[in-house]
Each structure stands twice: as C-alpha cells, then as structure tokens.
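# Understanding the architecture of this molecule
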Amino acid sequence: MSKDSRRFRQPIVVVLGHVDHGKTTLLDKIRGTAIVKKEPGEMTQEVGASFVPSSVIEKLSEPLKNIIPVKLEIPGLLFIDTPGHELFSNLRRRGGSVADIAILVVDIMEGFQKQTNESIEILKEKKVPFLVAANKIDRIPGWKPYDNEPFLVSFSKQSKAVQQRLENAIYNLVLQLAQLNFNAERFDRVKDFTQYIAIVPVSGKTGEGVPELLALLAGLTQRFMRTRIGFVEGPAKGVVLEVKEDQGYGYTIDTIIYDGILKRNDTIVLGGVNDVIVTKVRNLLLPAPLQDMRISKTDYRSVDEVYAASGVKIMATGLDEAVAGSPLYAVDNESRLDEYKKIIKEEISKIRFQKNITGIVVKADSLGTLESLVGALEKRNIPVRLADIGPISKRDIIEAELAGKEAEEYGIIAAFRVKPLPGVESSKIKIIYNDIIYQLIDDVEKYINDVREKRKRKTLDTLVLPAKIKILPGYVFRRSDPVIVGIKVLGGIIKPKYPLMKKDGRRVGEVLQIQDNKKTLDKATEGMEVALSIKGNIMIGRQIDEGEELYTDVPKEDLEILFSNYKDIITEDMKSVIKEIINIKRTEDPLYGLNIQV
Ligand SMILES: Nc1nc2c(ncn2[C@@H]2O[C@H](COP(=O)(O)OP(=O)(O)OP(=O)(O)O)[C@@H](O)[C@H]2O)c(=O)[nH]1
C-alpha cells in the first residue's frame, strides 16, 4: 500500500500484566504467527515494535467470518515488543500514552494479581482502552489443544466439563473486574464494546484464541478510534523509547513515531539531560528483513523515510544526552523551532523539578519512569522535593540530607535504575534501590512508615527528659565502676537509663539507679538530693569531678516529641534546662531544637 492511499495508521498496541502471566510468550506467539502467515514482502520490521499486517489478521480470522466480520481499513497493528510497566511509562505523550490500546494479560488459572491491578490503574490514568487476554487456557484440566485455532473453534471441540471449567474461570475474572467497577464479558457475548471490557481466552503456548485477539484489536481500534488513528501527512511526532550506544552507530535513539512522516535530514527536537537537543536526522534505521522465523533484530538497513505508526532507530549527532521518554518533534519550518523547543522544555520541567518542601529525592533513568514514580508517590501522599533523571549526584545527597533534618523519614533517595556518580559520598543517607517501579514505591512507603512507627512507639516512658544535676562535693561513695555519688537535681526530671553529658556535650555514662535513704526511686525531680549510680567507663577525678554539673543527653527526636505530645509536663525549671541543653547540642547539630519554642 502506498502511503498516499492511507487513511489510517496502524494502532499501537502494548501488553501489560502480572509477572509470569505470559506477556512475552503471547507477544512471541503473535509475532511468530504473523511471520508464518505473511506473504513475501509483507512483513516489515520495526525497532522496538513488531508490525502485523492486516492481511495476516484477515487470514487468521477467516474461520470467524460469521462471528467477527472484519473488513480492515487499518494497515495492521504495531505491537510494542517489550511488555511491562517500565517500558510502557516511556511511551508517554502529553495527556496520555502513545499506546492506542492495550492487552491486559491475566493467567486464567490465577486471576487478577497485584500487577494486574496496577496495570489497570496505569491504563486508566493514561486513558488507554484495553481488552483482557485470559491466558493459559491450555492449562485448564482436560483441555485438548488445537494449535493456532480460533478460541471459538477449539472451545466447541472441548468436552462439556472442560467448557464449564473455562466458563467458571471467565466468570471469576468478570467478578474481579466488577470489583474494580468494570463491566466485562467474554468477547463473543459483548454487545456494546464501549460499555464492556472484552475477555478473550487465549493460549500463548498453543496460539489458540490469537486470531480473535488480533481481530478484536483491529476491529475495535478502527471502529472507535477513527480520529485518533487517522493518518497525518505532516512532520513527525514521536517519543524516545530508549537511548542506546550501538556498536558502529554511536549514540542512537529508538523511537516510536505516532504521527506524521519522518525523513532523513529532518531537523528534530527532543529532550536532553542538560538542554533541549536540536539535531538533524543522519540516518533512519530499521531491522534488516527477516530471513526466516528467527526473531533477531541486530542488523539494520537504512531508509529515507518512515511514516506513522512505526518504530525506528534514529542516528544523529548529540544524542548522547538524549532522554528516554522525551517527546520528539520533526520541525518542518525553521521559524517554528523556538516554539517546539519551548513545548519540550515546558513538558520536561513538569517532570524534572526541585521544590522547597520537605519531601524525598527521586532519581530515575528516564523521563517516563520518573513521571510514573512521582505520580505514584504523590498518590500515596509521599511528597517529592527533587525529581530528576541521571545518576545520583552530590546535590541529590545534600537535598536528601536537608529533607532528613526537617523530617527524618524523608531523608532518602528513591533510585530507579541509577547509581551514585563515582566519588559521591552516599553513605550518609539512605538510598532505596529497586528496578521495579511499584516495588520501589512499596519500599519507600514501608521505610517512611517504619520510621514513623518507631517514633510513635516512643511514649513518655521511653523518652529521655531534660534534667540538670550537680555532683555534691564530699559525697563520693564510689569512684568508679559504677560511680556512686550524691547529687542535687537543679532542674527537670532524671530517671534510670538516662544518658548523661558534660557541659561541652561529651557523653559520660548512663544513670543506673537512683536511691534516697537506701530506697530505690524511679525518678528524681527539681530540688531533690539523692544518691545516683552511674555506669560507663568513667571515674571521679578523670572524666567527671566533684562539684561538676551534668545534663541528660536528650536526643533531638525525644525533645520534639516532648514538645508536640507532652507539653503539659514541662515545668519552668525544666524549660531553663532545655535552653541550656539546646545550646550545648547546637555546637554539633545546628538544627537541634530548631522548631521548638521554649
Ligand atoms: N501452559 C502455558 N504456559 C504458558 C503460557 N503462556 C506463558 N506460559 C508460561 O508461563 C511462564 C511465564 O511466561 P512469560 O511469557 O515469561 O511471562 P511474562 O508475563 O512475560 O513474565 P515477565 O516478563 O517475567 O513478567 C513461562 O514458563 C511460559 O512458558 C500459556 O499460554 N500456556
């Protein structure tokens, strides 16, 4: 088909679903089936995507003519090759996704799992319609496989008991979708596809149901997305899927062009690590044609132009700084260059940002994953102070430290597929790594909650309260191990287990016991004169002296909790002790007691 006769471009299809539910197997089966059914010259190869021409889809659905009448106007379907959340997030497009429709793969024996629900969330948010592939039907007990047959053909040949098992499993999926507020039904019973999600039973292993899956994807997109998939003659619009250093080609970008035509020598603009990149297309690369069924895409051939929708590798100078997930525009008229640059800058600055708030630092390898991370974190009410792409730098550490001083739980960096730059001292703060977006978010949330829980568990009993004591001269009962001395409480409250410090902030052991006339006390307050035993490596005359004044060594957090939760026990004498303690502690930690009004 020549491009001039095109009315529609091929819809872009993505595959999502829970781990091990069979996304890769199903995609491979679709590709393999398409390769087997193609006529010579019909199969063009794409970068990062596979094209299944309409002629193949029509051939496959021939036996279904009476059930799904498909007369295809679209040229075919473009399947994004790599399944999963992470790549999907780089298919970003302002206000949605470059993907036109999605296949949500669900293991029919296992039903909806965590990532199935997450996938639905993502699809809802990006407004991508989807159908459900109820996969692994060949694993239904008693199922007799009929390789590559339409589901309806194979289903009609199964025993009644097996048919019933399948129906039960489908019903289970219908219920699970209903809980998520979706109407759903087996595809052949759906009357209105705008109201119901179609469930297509398939097997990625035997290929059963693949004909229906393809026919439905094609039929639904061409019927309900006519405007969206209308072919555009103008300059290309696309998205950077991945940035790669290819042997012999230098830095290249794998892109999905979803609109218009991209030509060699076109000027393109896209997002870069430091600035918007403006460059000229030196070469457009597509995988060399397939010789046989092997799906290998390592050799390239160059072409003069590609038209939407397609996956193409772009060679150009300056791509080493290109950012995956960035929009890409071809500029037809140099006078509009600034306009395009501005659009890209604006879009990127919404995703890469620094705010003066208490929140965590997020670093990711691409714009798409960064956007997904920040979006998901904010949904869980986790504030983000700094969001950026690239390796962890000194600035990131400093920002996290600052946040941590304001609220300990936020003094972290969430790192998605990035590492610290060489020489960056990262041991001072907690960096949480995970290469799966949703696990990273779970890890971050868990860490924050753990820190908060720990803090909450600190009740009045476990707090170290402020106190100031004086070792009374002439009342040394034991000089060491443990020291036993007579003291007077000059202010505050002292209890066993409290750590003690000198006027210069140095630690000098811990209170072991408090006694008055041989009676053990659980505390001593202002004005009381009691005997105190102090354990630790200390000796009267060495670390501490008769007549010396000591303070309790109050942790910053304890002081904050005292002020936020137990203000009523703060007496005047304790207040003046607190002021002195803050002065002592500030020499080490300038933020000690910062938010406290004494
Ligand atoms: N019996 C049967 N096994 C299947 C089918 N589809 C996939 N499998 C098996 O299920 C396992 C997982 O399949 P994958 O295709 O790797 O699953 P995936 O969802 O791509 O997994 P991740 O990429 O790890 O998320 C493999 O052992 C497959 O062979 C199917 O239709 N029938």
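Residues numbered from 1 in each chain as written. Predicted model: local features only at pLDDT ≥ 70, side-chain atom pairs only at ≥ 80, totals over all residues. Heavy atoms only, no water.

### Here we look at the site of the ligand
Around the ligand, the structure places 15 residues, and the nearest of them are K23, T24, T25, D138 and G204. At a separation of 2.7 Å, a nitrogen atom of the ligand approaches a polar side-chain atom of D138. In this structure, an oxygen atom belonging to the ligand sits 3.2 Å away from a main-chain N or O atom of K205. Burial of the ligand by the protein amounts to 68% of the accessible area it has alone, namely 650 Å². Ranked by residues supplied to the shell around the ligand, first place goes to helix α1 (residues 23-37) with three residues. Looking at the shell around the ligand residue by residue, the class counts come to one nonpolar, eight polar and six charged. (Near = heavy atom within 4 Å. Polar contact = N/O pair within 3.5 Å; in protein donor to acceptor, adjacent residues only side chain to side chain. Areas by Shrake-Rupley, 256 points an atom, 1.4 Å probe, with all protein chains shown as cover. Helix = DSSP H or I, 4+ residues; strand = E, 2+ residues; numbered from the N terminus. Nonpolar A, V, L, I, M, F, W, Y, C, P; charged D, E, K, R; others polar.)

### Regarding the pairing of strand β23 (residues 412-416)
Burial runs high along β23: five of the five residues are buried. Where burial is concerned, the two faces of β23 agree: the one with I412, A414 and F416 and the one with I413 and A415 are both buried. With four bridges joining them, strand β21 (residues 360-364) and β23 adopt parallel strand pairing. Across the sheet, K363 pairs through a bridge with A415, a residue of β23. With four bridges connecting them, β23 and strand β24 (residues 430-433) associate as parallel partners. Bridging from a neighbouring strand, I412 pairs with K430 of β24. (Buried < 20%, exposed > 50% of the residue type's maximum accessible area, 1.4 Å probe, protein only. Pairing = 2+ DSSP bridges.)

### Some details on the pattern of salt bridges
The full count for this structure, using the stated rule, is 47 salt bridges. As a salt-bridge pair, R92 and E371 come within 2.7 Å of each other at their nearest N and O atoms. In this pair, R92 is assigned in strand β4 (residues 92-93) and E371 in helix α9 (residues 367-379), connecting sequence segments 279 residues apart. What makes R92 buried here is its relative accessible area of 6%. Given a relative accessible area of 26%, E371 falls into the partly exposed group. Among the charged side chains, a network of salt bridges with common partners joins R92, R94, K126, E347 and E371. (Salt bridge = Lys/Arg side-chain N within 4 Å of Asp/Glu carboxyl O.)

### Quick look at the packing of aromatic side chains
Per the stated rule, a full pass over the model turns up seven aromatic pairs. Ring centres of F231 and Y307 lie 6.1 Å apart, and the angle between their planes is 85°; this geometry places the pair in the edge-to-face category. Linking F231 in the loop between α7 (210-224) and β10 (237-246) with Y307 in strand β17 (residues 305-307), this pair joins segments that are 76 residues apart in sequence. Three or more aromatic residues link up through ring pairs in this structure, and these residues are F151, F155 and F187. The positively charged end of R186 is found above the aromatic ring belonging to F155, 4.7 Å away from the centroid. (Phe/Tyr/Trp six-rings, centres within 6.5 Å; stacked < 30°, edge-to-face > 60°. Lys NZ or Arg CZ within 6 Å of the ring centre and 35° of its normal.)

### Points about the domain arrangement of the protein chain
Taken as a whole, the protein chain is organised into domain 1 (12-225), domain 2 (237-349), domain 3 (352-454) and domain 4 (467-587). For domain 3 versus domain 4, the distance between C-alpha centres works out to 39 Å. (Domains from an automatic or database assignment.)

### What about the sheet that holds strand β14 (residues 276-280)?
The eight strands are arranged β14-β13-β19-β10-β11-β18-β15-β16 in an open sheet whose pairing can be described as antiparallel. Of all the strands in the sheet, just β14 and β16 (300-303) have a single pairing partner and so form its edges. Each adjacent strand pair in this sheet contributes to an overall mean axis angle of 35°, direction not counted. By the bridge criterion, five bridges tie strand β13 (residues 267-271) to β14 in an arrangement that is antiparallel. Bridge pairing in β14 places I268 opposite T279. Packed onto the sheet, helix α8 (residues 337-351) meets β13, β14 and β19 (327-331) and runs at close to 175° relative to β19. (Axes fitted to C-alpha atoms, helices over the stretch in contact; angles between N-to-C directions. Contact = heavy atoms within 4.5 Å.)

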